[in-house]
Amino acid sequence: MDLSGVGVWSQQLRYGDAAEAAEAAAELEELGYSAMWVPDIGGPVFDTVGNLLGATRRAVVATGILNLWMHAPEDAAASFASLSAEHGDRFLMGIGVSHAPLVDSAEPGRYRRPLAAMSAFLDGLDAAERPVPRDSRVLAALGPRMLETAAKRARGAHPYLVPPEHTRIAREAVGDGPLVLPEQTVILCSTRDEAREIGTDWLRSYLGLPNYAGNLLRIGFTQEDVDTVSDRLFDAVIAWGDEEAVRRRVDEHRAAGADHVCVQVLTADGNAFPREEWRRLAPALR
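The shown structure was predicted, so the numbers you read here are calculated from the model rather than taken from an experiment.

I tried to follow the side chain of Thr167 on my own but got confused; where do I start?
If you trace the backbone, Thr167 turns up in helix 8 (residues 164–174). According to the relative accessible area criterion, Thr167 is buried, its value standing at 0%. Excluding residues that lie within four positions of it along the chain, Thr167 makes contacts with Val180, Pro182, His253, Ala256, Gly257 and Ala258.

Pasting the structure below:
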C-alpha cells in the first residue's frame, strides 16, 4: 500500500453522485494522486469505498475517518476483508472518535471516554474472525494520548484541520516508524477576500467542535483567534492562493515530517466536484 505522495480528501467523492465519483476517482488516479480520502458522517461508507476501489487500479482509498460510534467493529472488519479480497491491499481504514456535539445529538451522553472507546474498537477489530491488520489502519489523532495510541496500535495518524506545526508535533510524538498523514485544506483564488468568502464559515463550523478548537489552542492559538476566525488562524489552517502557494504548504508538511498529505479543495459551490481545481493542482503536487 503506497502512502507517499499527495492524495485528495473529498466529501464530494463520499456524498456526491456515485457515477461521477467513480469517474472522478479514475481521473484522480491518472493525474497522479496516490490516495482518495472520504469522510463518514452517516450512510453506507463501505459502499463508497467499494465504488472508488472499483473505479481505480492503484490508488489507496481511505476513510478519513470511519466514525467508530456508527459501526460495530466486527461488521467493519468483515467489510474490510471483503473489499480487500476483491480489490487487493488498497483500503486504508482511518478510524476516529468524532466529536461530542455530533455523537450526543442523536444519543445524549453517549460520547464519553473517547480514548477508551477507541481502544475497545481496535480490540474488536483485532478479535474479529478476519481481523483488520495493524498496517491497514490509521487513527484520527490530534492530542498526545491519541497520537500515542496511533503509534502503538495502527500504522500511524491522520490529523485533520492542522497546520504544519502540528505535523511536527505529531512526528515527534509517534517517532520515526509510524506514518503521519495530515489533511490540508486549500482554496485556489487570487485575493484574501475571495479566500475568506469561501472559507470563513466553513472553518467556523469546525471551530465549534471542541476537539479541533482545543487542538489549535494547545499548539499556540488564542481563544480570540478561535472566536473571531482570525487571519492568523485562517492562514495557518487553510492554504490559499495559486498552485505554488499550495505546493509550498504541502512542502512545509513534508519538511515537518509528513509521509503523505491529502488536500481538500474548497470552492464557492461546496457540493460540486472540484475537478478543475484537482487538475490545476496535480502538476504542482507531483
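Once the structure has been displayed, the description carries forward.
Please clarify how the pairing of strand 2 (residues 35–38) should be interpreted in this entry.
Both faces of the sheet carry side chains from a regular strand, because those side chains alternate between them. Where burial is concerned, the two faces of strand 2 agree: the one with Ala35 and Trp37 and the one with Met36 and Val38 are both buried. Relative to strand 2, strand 1 (residues 6–9) runs parallel, the two being bridged by two bridges. Counterpart to Trp9 in the pairing with strand 2 is Trp37. Handedness of the crossover joining strand 2 and strand 3 (residues 60–63) through helix 3 (residues 45–55) is recorded here as right-handed.

So what exactly am I meant to see when it comes to the nonpolar core here?
Core analysis: the biggest nonpolar cluster contains 62 residues, and Leu13, Tyr33, Met93, Ile95, Leu125 and Trp278 have the highest contact counts within it. Leave out the neighbours within four places in its chain, and Leu125 touches Pro73, Ala76, Ala77, Met93, Ile95, Pro131, Val132 and Arg137. Grouped together as the second largest cluster of nonpolar side chains are 37 residues, Leu161, Ala213, Ile219 and Val237 included.

Looking at this structure, I do not really get helix 4 (residues 73–87). What am I missing?
Residue pairs spaced three or four apart in an α-helix point in one direction, given the helix's 3.6 residues per turn. For helix 4, spanning 15 residues, the distance from its first C-alpha to its last is 21 Å, which sits close to the expected 21 Å at 1.5 Å a residue. Looking at helix 4, one finds that the buried residues are Pro73, Ala76, Ala77, Phe80, Ala81, Leu83, Ser84 and His87. In this structure, the buried residues of helix 4 make contact with helix 3, strand 4 (66–67), strand 5 (91–96) and helix 6 (114–127). The positive-phi residue at the C-terminal boundary of helix 4 is Gly88, with phi of around 85 degrees.

It is not clear to me how the environment of Asp269 should be interpreted in this structure. Could you clarify?
Considering the arrangement of structural elements, one finds Asp269 in the loop between strand 11 (261–265) and helix 14 (275–285). Sequence separation between Asp269 and Ile198 is 71 residues; the distance between their C-alpha atoms is 8.7 Å.

Is there a simple way to think about unusual backbone geometry in this case?
What you tend to see is this: most non-glycine residues have negative phi, and most peptide bonds are trans. Following Gly64, the chain continues into Ile65 via a peptide bond in cis, with omega recorded as 15 degrees. Among the secondary structure elements, Ile65 is positioned in the loop between strand 3 and strand 4. Of note, the phi angle at Leu161 is positive, near 60 degrees, even though the residue is not glycine. Here Leu161 lies in the loop between strand 7 (156–157) and helix 8. With a phi angle near 50 degrees, Val229 is a residue other than glycine that sits in the positive phi range. When you line up the elements, Val229 lands in the loop between helix 11 (223–228) and helix 12 (231–237).

Conventions and cut-offs
- Residues numbered from 1 in each chain as written.
- Predicted model: local features only at pLDDT ≥ 70, side-chain atom pairs only at ≥ 80, totals over all residues.
- Heavy atoms only, no water.
- Helix = DSSP H or I, 4+ residues; strand = E, 2+ residues; numbered from the N terminus.
- Buried < 20%, exposed > 50% of the residue type's maximum accessible area, 1.4 Å probe, protein only.
- Contact = heavy atoms within 4.5 Å.
- Pairing = 2+ DSSP bridges.
- Right-handed = clockwise from strand over helix to strand, strands pointing away.
- Core = buried A, V, L, I, M, F, W, Y, C linked by side-chain atoms within 4.5 Å.
- Expected span 1.5 Å × (residues − 1).

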